[in-house]
Amino acid sequence: MQYTYVKKLSGGEKRRLYLCSILMTQPNVLLMDEPTNDLDIMTLQVLEEYLSEIEASVIIVSHDRFFMDKIVVEGLSVYYSDGTESLKNVSLSIPANAVTVLFGPAGGGKSTLLRVLNRLNDLADVVLMAGRVLLDGQNILDPKFDVITLRRRVGMVFARPVVLPMSIRENLTYGLELAGEHKKQVHDEAVETSLTQAALWDEVKDRLGDPAVALSGGQQQRLCLARSLALKPEVILLDEPT
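Residues numbered from 1 in each chain as written. Predicted model: local features only at pLDDT ≥ 70, side-chain atom pairs only at ≥ 80, totals over all residues. Heavy atoms only, no water.

## What to know about the environment of E85
Within the element layout of this structure, E85 appears in strand β4 (residues 85–94). Taking the relative accessible area as the measure of exposure, E85 reaches 35% and is therefore partly exposed. The sequence separation of E85 and T112 amounts to 27 residues, and the corresponding C-alpha distance is 11 Å. With residues near it in sequence (within four places) discarded, E85 still touches V78 and Y79. (Helix = DSSP H or I, 4+ residues; strand = E, 2+ residues; numbered from the N terminus. Buried < 20%, exposed > 50% of the residue type's maximum accessible area, 1.4 Å probe, protein only. Contact = heavy atoms within 4.5 Å.)

## Section: the sheet that holds strand β6 (residues 138–139)
Read across the sheet, four strands follow the order β4-β3-β5-β6 without closing on themselves; strand pairing throughout is antiparallel. Both edges of this open sheet fall to β4 and β6, since each of them pairs with a single strand only. In the sheet, strand β5 (residues 126–135) pairs with β6 via two bridges, with the strands oriented antiparallel. The residue of β6 that forms the bridge with L134 is N139. (Pairing = 2+ DSSP bridges.)

## Considerations on the nonpolar core
Counting 23 residues, the largest nonpolar core has I71, L76, L117 and V133 as the members making the most contacts within it. Of all the elements, strand β3 (residues 71–80) adds the most residues to this core, at five residues. Beyond its immediate sequence surroundings of up to four residues, I71 is in contact with L92, S93, I94, L117, V133, L134, L135 and V235. Core analysis: the second largest hydrophobic core is formed by 16 residues, V163, I168, V204 and A226 among them. (Core = buried A, V, L, I, M, F, W, Y, C linked by side-chain atoms within 4.5 Å.)

## Topic: helix α5 (residues 168–178)
Among the residues of α5, I168, N171, L172, T173 and L176 are the ones counted as buried. Close packing links the buried residues of α5 with α6 (184–197), α7 (201–204) and α8 (217–229). Taken from the residues just after α5, G180 is the one with a positive phi, measuring 95°.

## Focus on a nonpolar patch on the surface
Taken together, V29, L31 and I59 make up a surface patch of nonpolar side chains, about 310 Å² in accessible area. In this structure, I59 sits in strand β2 (residues 57–61). (Patch = residues over 30% accessible without salt bridge, like charges linked within 9 Å, V, L, I, M, F, W, Y side chains within 5 Å. Areas by Shrake-Rupley, 256 points an atom, 1.4 Å probe, with all protein chains shown as cover. Salt bridge = Lys/Arg side-chain N within 4 Å of Asp/Glu carboxyl O.)

## Quick word on the confidence of the model for the protein chain
Detailed conclusions should not be drawn from predicted coordinates in areas where pLDDT is low. Per-residue pLDDT for the protein chain has a mean of 86; in total, 93% of the residues score no lower than 70. Of all the helices and strands in the protein chain, helix α2 (residues 41–53) carries the lowest mean pLDDT, 72, while α7 carries the highest, 96. (pLDDT = per-residue confidence, 0-100.)

## Focus: α6
Compared with the 20 Å implied by 1.5 Å per residue over 14 residues, the 20 Å span of α6 between its first and last C-alpha is a close match. All of the buried residues along α6 are H187, A190, V191, S194 and L195. The buried residues of α6 all sit within an arc of 110° when viewed along its axis, so they share a single face. Among the exposed residues of α6, those pointing more than 90 degrees away from its buried face are Q185 and Q197. Among the residues trailing α6, A199 stands out with phi positive, at a value near 60°. (Expected span 1.5 Å × (residues − 1). Arc of directions from axis to C-beta.)

## Considering the environment of R207
Looking at the element boundaries, R207 is found in the loop between α7 and α8. In this structure the C-alpha to C-alpha distance between R207 and S167, which are 40 residues apart in sequence, comes to 9.1 Å. Setting aside residues no more than four positions away along its own chain, R207 makes contact with I168, L215 and Q219.

Below is the structure:
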């Protein structure tokens, strides 16, 4: 492939080649005019990660919100079978690497919105859902979107703790097993790191084999947070976290 004539490359391949030639010069200032044109989602994610680490001034001109927002909700409406209109024509943008708080009265649709963001409403009695929800530019409401991958990328911690009927350790490693990660060393590191991040490690490190249901309510909620963190999600949804 490296000896292929440039003229035989696709538009996206030519754009990536040109981008590589620019980045190899390690510029102090990088000007990007509509950088998302002709690039696929994987390339955009790699580019976004690179731009977050580059030691240069970056100026981007774009009509695309890819580099501004992690999640974009467009005209979202949700109706339940009992006739309840939980959400009506909701549009909002959620930036990456930031804390976004949704305020509103009880029954205002906040939890419904969170459930939509990782497709938990697939299991609810929803009769109509309209609009789009974009995660890194991809519509997660598309029936072809991989829900298992989505729920690994977008973690959820519910208002009330929902621990699995397993040991404390198994609550944390179960998701890794489902994702195909079976190495004990990886499990050990994930358990300690996630429990430390959730301020629970010191309290349970000597009883990881105990049933998770034996923990107090507050400890169970922190375990649920640790369980989500163990998968290193890109987005964490917290329903009534306080």
